[in-house]
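# Tertiary structure, described
For reference, the chains in residue letters:
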Amino acid sequence: MSCVWIYSQNTTFQQVKEIISTQVNDIDDYINSGQLKIIPYTSWYVINESFDENRVNGLWIKLAKYADENRFNGIRAIGDTGWLKKSDFETFSCYEHNITGLISDLPIIVICLYNLSKLDLFEFAQVVKNHEFTIIKHNNELRLIKNQRLLINNKLLEQSKEDYQKLLQLLPITVLIHDKQKIFYCNDAAIRLFGVDSKQKLIGKTMIEFIVADKKNEYEAYIDQVLVDKTQICFSHKSSLLDKSGQQKDIEVVARNCIYNDFPAVLSVIRDVSHLNKMIKLERVIERKDELLNEAIEKEKIKTLFFSRISHELRTPINMILSALQLIELRPNNLSQDYDKIKYFRVMRQNCYRLLRLVNNLIDLTKIDSDFFELNLTNCNIVEFVEEITLSVTEYLENKGLKLQFDTNVEEKIITCDPDQIERIILNLISNAIKFTPPGGNVWVTFEDLNNKVKIIVRDNGVGIPENKQKTIFYRFEQVEKLFTRKHEGSGLGLPLVKSLVEKHGGKIEVKSRVGKGSEFTVILPCKKLIRSECLSKLNNPNGHNFVERASIELSDISV
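Residues numbered from 1 in each chain as written. Predicted model: local features only at pLDDT ≥ 70, side-chain atom pairs only at ≥ 80, totals over all residues. Heavy atoms only, no water.

### Quick look at the overall build of the protein
Cut-off, in case you're wondering: Runs of H or I in DSSP of at least four residues are treated as helices and runs of E of at least two as strands, each being numbered from the N terminus. Working definition: with a 1.4 Å probe on protein chains only, accessible area under 20% of the residue-type maximum means buried, over 50% means exposed, and in between means partly exposed. Pairs of residues are marked as contacts when any of their non-hydrogen atoms sit within 4.5 Å. Under the convention used here, a 1.4 Å probe and the Shrake-Rupley method define accessible areas, while residue burial counts only the protein chains that appear.
Scanning the protein from terminus to terminus reveals 16 helices and 20 strands. Expressed as a percentage of the 560 residues in the protein, the buried residues total 39%. Counting contacts in the protein only where the partners sit at least 6 residues apart, residues at least 24 apart contribute 63% of the total. When the accessible surface of the protein is totalled, it reaches about 33600 Å², and 53% of it is carbon and sulfur.

### With respect to the nonpolar core
Stated precisely, the cut-off is as follows: Each nonpolar core is a collection of buried residues, namely Ala, Val, Leu, Ile, Met, Phe, Trp, Tyr and Cys, held together in the definition by side-chain atoms within 4.5 Å.
Counting residues in each nonpolar core, the largest one holds 45 residues, and the members touching the most others are Ile382, Ile422, Ile425, Leu429, Phe521, Val523 and Leu525. Top contributing element to this core by residue count: helix 13 (residues 419-435), with 8 residues. Residues within four places of Ile382 in sequence aside, it is in contact with Lys413, Ile415, Cys417, Ile422 and Phe447.

### Overview of a nonpolar patch on the surface
Where we set the bar: Two joining distances apply to patches: 9 Å for like charges and 5 Å for nonpolar side chains (Val, Leu, Ile, Met, Phe, Trp, Tyr), and every residue must have over 30% relative accessible area and no salt bridge. Counted as salt bridges are all cases of a side-chain nitrogen of Lys or Arg within 4 Å of a carboxyl oxygen of Asp or Glu.
A grouping of Ile109, Ile111 and Leu113 is seen on the molecular surface, where their side chains present a nonpolar patch of about 240 Å² in accessible area. Summarising the element assignment, Leu113 is placed in strand 6 (residues 108-113).

### With respect to the packing of aromatic side chains
Stated formally: Ring geometry is summarised as follows: Phe, Tyr and Trp rings, the Trp one being its six-membered ring, pair when their centres sit within 6.5 Å, and such pairs are stacked at plane angles under 30 degrees, edge-to-face over 60 and tilted between the two. By definition, being over a ring means that NZ of Lys or CZ of Arg is both within 6 Å of the ring centre and within 35 degrees of the ring normal.
Under the definition given, this model contains 15 aromatic pairs. Between the aromatic rings of Tyr66 and Phe72, the centroid separation amounts to 6.1 Å while the plane-to-plane angle is 55 degrees, which identifies the pairing as tilted. A connected cluster of aromatic rings, assembled from ring pairs, spans Tyr41, Tyr45, Phe51, Trp83, Phe92 and Tyr95. Cation over ring: Lys37 sits above Tyr66, and NZ or CZ is 4.5 Å from the ring centre.

### Comments concerning the sheet that holds strand 2 (residues 36-40)
Formally: The pairing criterion is simple: DSSP has to find at least two bridges between the two strands. To obtain an axis, a line is fitted to C-alpha atoms, over the contacting stretch when the element is a helix, and the angle between two such axes runs from 0 to 180 degrees between their N-to-C directions.
Across the sheet, which stays open at both edges, the 4 strands sit in the order 2-1-5-6 with parallel pairing between neighbours. Looking at the sheet topology across the chains shown, the edges are occupied by strand 2 and strand 6. The mean angle between the axes of side-by-side strands here comes to 10 degrees, regardless of whether they run parallel or antiparallel. In this sheet, strand 2 lies alongside strand 1 (residues 2-7) in parallel orientation, the contact comprising 5 bridges. Across the sheet, Trp5 pairs through a bridge with Ile38, a residue of strand 2. Seen against the sheet, helix 3 (residues 53-69) touches strand 1, strand 2, strand 5 (75-80) and strand 6 and runs at an angle of roughly 150 degrees to strand 5.

### A closer look at the sheet that holds strand 15 (residues 403-408)
Taken in spatial order, the 5 strands make up an open sheet running 15-17-18-20-19, and their pairing is mixed. Edge strands, defined here as strands with exactly one partner in the open sheet, are strand 15 and strand 19 (508-514). On average, adjacent strands in this sheet sit at an angle of 10 degrees to one another, irrespective of strand direction. Two strands pair when backbone bridges link them, and strand 15 and strand 17 (residues 442-449) are joined in this way by 6 bridges, in the parallel orientation. Note that in strand 17 the partner of Lys403 across the bridge is Asn442.

### A look at the confidence of the model for the protein
The condition that has to hold: The predictor's confidence in any single residue is recorded as pLDDT, a number from 0 to 100.
Counting all residues, the mean pLDDT for the protein is 82, and 84% of those residues have values of 70 or more. With pLDDT under 50 throughout, residues 482-486 is counted as low confidence; its partners more than four residues away or in other chains account for 3 contacts. A low-confidence stretch, residues 533-544 (pLDDT under 50), is modelled with 19 contacts involving residues beyond four sequence positions or located in other chains.

### Describing the pairing of strand 17
Pairing between strand 17 and strand 18 (residues 453-460): 7 bridges, direction antiparallel. Across the sheet, the residue bridging to Val443 is Asp460, located in strand 18. Following strand 17, the chain reverses through 3 residues before pairing antiparallel with strand 18; Asn451 in that reversal takes a positive phi of roughly 70 degrees.

### So, the packing of helix 10 (residues 339-369) against helix 14 (residues 494-504)
Selection criterion: Working rule for angles: under 35 degrees goes down as roughly parallel, over 145 as roughly antiparallel, 65 to 115 as roughly perpendicular, anything else as oblique. Helix crossings are classified by the rotation of the near helix relative to the far one: an anticlockwise turn of less than a right angle makes the crossing left-handed, while a clockwise turn makes it right-handed. All residues other than Ala, Val, Leu, Ile, Met, Phe, Trp, Tyr, Cys, Pro, Asp, Glu, Lys and Arg, Gly among them, are scored as polar; the first ten of these are nonpolar and the last four charged.
The N-to-C vectors of helix 10 and helix 14 enclose an angle of 45 degrees; their axes lie 10 Å apart at closest approach. By the angle between their directions, the pair helix 10 and helix 14 is classed as oblique. In this structure, the crossing between helix 10 and helix 14 has a hand that is left-handed. Between helix 10 and helix 14, the contacting residues are Asn361, Asp364, Leu365 and Ile368 on the first element and Pro496, Leu497, Ser500, Leu501 and Lys504 on the second. Within the contact of helix 10 with helix 14, the residues separate by chemical class into 5 nonpolar, 2 polar and 2 charged.

### Details of unusual backbone geometry
With a phi close to 55 degrees, Asn48 is a non-glycine residue in the positive phi region. Along the polypeptide, Asn48 turns up in the loop between strand 3 (46-47) and strand 4 (50-51). Backbone geometry places Glu49, a non-glycine residue, at a positive phi of 65 degrees. Considering the arrangement of structural elements, one finds Glu49 in the loop between strand 3 and strand 4.

### Focus on the environment of Asp179
Let me state the cut-off plainly: What qualifies as a polar contact is a pair of N or O atoms within 3.5 Å, subject to a donor-acceptor requirement within protein and to the restriction that residues adjacent in sequence count only when both atoms come from side chains.
Within the fold, Asp179 resides in the loop between strand 9 (174-178) and strand 10 (183-186). Taking C-alpha positions, Asp179 is 10.0 Å from Ile208, a pair spaced 29 residues apart along the chain. Among all residues touching Asp179, those that are not within four sequence positions of it are Phe184 and Pro264. Reaching out from Asp179, the side chain makes a polar contact with the backbone nitrogen of Gln181 at a distance of 2.8 Å. Within the structure, Asp179 has its side chain in polar contact with the backbone nitrogen of Lys182 (distance 2.9 Å).

### Quick word on the side chain of His178
Within the element layout of this structure, His178 appears in strand 9. Beyond its immediate stretch of four places on either side in the chain, His178 contacts Ile183, Phe184, Met207, Tyr219, Ile223, Ala265, Val266 and Ser268.

### Topic: the pattern of salt bridges
This model, assessed by the stated rule, comprises 12 salt bridges. Across the pair Arg288 and Glu291 runs a salt bridge whose closest N-O atoms are separated by 3.1 Å. In this pair, Arg288 and Glu291 both sit in helix 9 (residues 274-330), 3 residues apart, roughly one turn of the helix. The closest approach of N and O atoms between Arg459 and Glu520, which form a salt bridge, is 3.9 Å. On the criterion of sequence distance, the pair formed by Arg459 in strand 18 and Glu520 in strand 20 (residues 518-526) is long-range, its members being 61 residues apart. Of the residues examined, Arg459 reaches a relative accessible area of 35% and is grouped as partly exposed.

### Things to note about helix 11 (residues 382-391)
Each full turn of the α-helix corresponds to 3.6 residues, which orients residues three or four apart in the same direction. Short version of the rule: This arc corresponds to the set of directions leading from the helix axis out to the C-beta atoms.
Where helix 11 is concerned, the buried positions are Ile382, Val383, Phe385, Val386, Ile389 and Thr390. Along helix 11, the residues classed as buried sweep out an arc of 165 degrees about the axis, all on the same side.

Here you go:
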């Protein structure tokens, strides 16, 4: 606040200073800083002992600029008109009327002191009119009614102040008024930001003590910049603070300088951006993971393409070898009774089957990954088909000393499926049951008709699968046994292929197992039929389907 006292010839500088000292402490500090000016009327109102309106207007403009440059929130002035002569009254009255209209909407309050003994009634009335007061007569005395417009404006100002105070308290972001030494004001959001119990725990504290150690210097420099700025712009700054519990929070500050209780201060609006920073970090992590995922997808494509090419390249020579072996077997007396030749011949044929099975699995998985694998669907009696597949592996179970049992609750169930792929599914599951069941064990194949779906269950009482491995067995190249300690042959592609083929049929596969008790694989298939009538010739005539040859390929990991 900028204050001016213009004293007349009947008062001295010292008298005015003593009067003000009764209400204000450290008056010399205010005078030295320029915030309080005590000026004689000869330096303000008159030139050559006559009132000069142009001079006064210029001084008012100069005082207003000074208050604005120093960020004062208003001007308070007292003018003693004891010097006013009769000859200047009319000119001064006109000036006063004009100046009162100009400053009515500005943060300026001017009090004029008049010597009533020098004013007649008409002059007194003119003064009252200029200041928008009303004169009434009461009990033979003249009285003034206060300026109603001023009262209304003051009331509206107070109401507006209350509304702004309520708004500040409702704001979800922190608002502070402070300087470098202490906090003067805070809203309710500051309590949550700083983690304190009440505003009293913040008022009087310094903002710097909450800023993290490695950012205190930056924040102090920021506050200094805001305090000395004269452009009235807002400055933004990012920092971090520690709340009362020691939790670090990232903050974003927007501040500008202001005057609070006649002293320079900083108005700061502070937002907690910790969650935003976490989101930014998370976005970066996601972007990096997306990059890694894209790289992995690209590598997977290259690997899939490689497997596809190498698999096709391998299948041709394997088929050539198998064809040659079949020709040798067809010629009479080629093997005769030479048991060594028969042994080696079987070893060669079995390993050709193993390679062919591996290659077929790789090619089919590659097709499934590329979405090029298609089922050759037809309506068939799934019960008879599963039974024929089961009977085709009897020799393998007997050679291992195992018992096989097939059971069904219906004799016929027509569904739509791909017979070749169903055969691969069943043979893969039976192959696993044979491999992991010790001699003397049992393998059960059960068919259940559940009206809108069917279940094909392959169960054994073999070694079982640990619970933590029951999901990973459907991952490619995953096996329960470690590579260098395993006792059974296999590539780790059988069960992943089974799962994919089952899902291609719109079904699912489940596993239940206990170590030392055995395993149970359940294939659940939906019961659908093709709309057009289909011939069942291949399936109603088992002789038309070479179960033995397919069993030889799918069970090639098992020695006969």
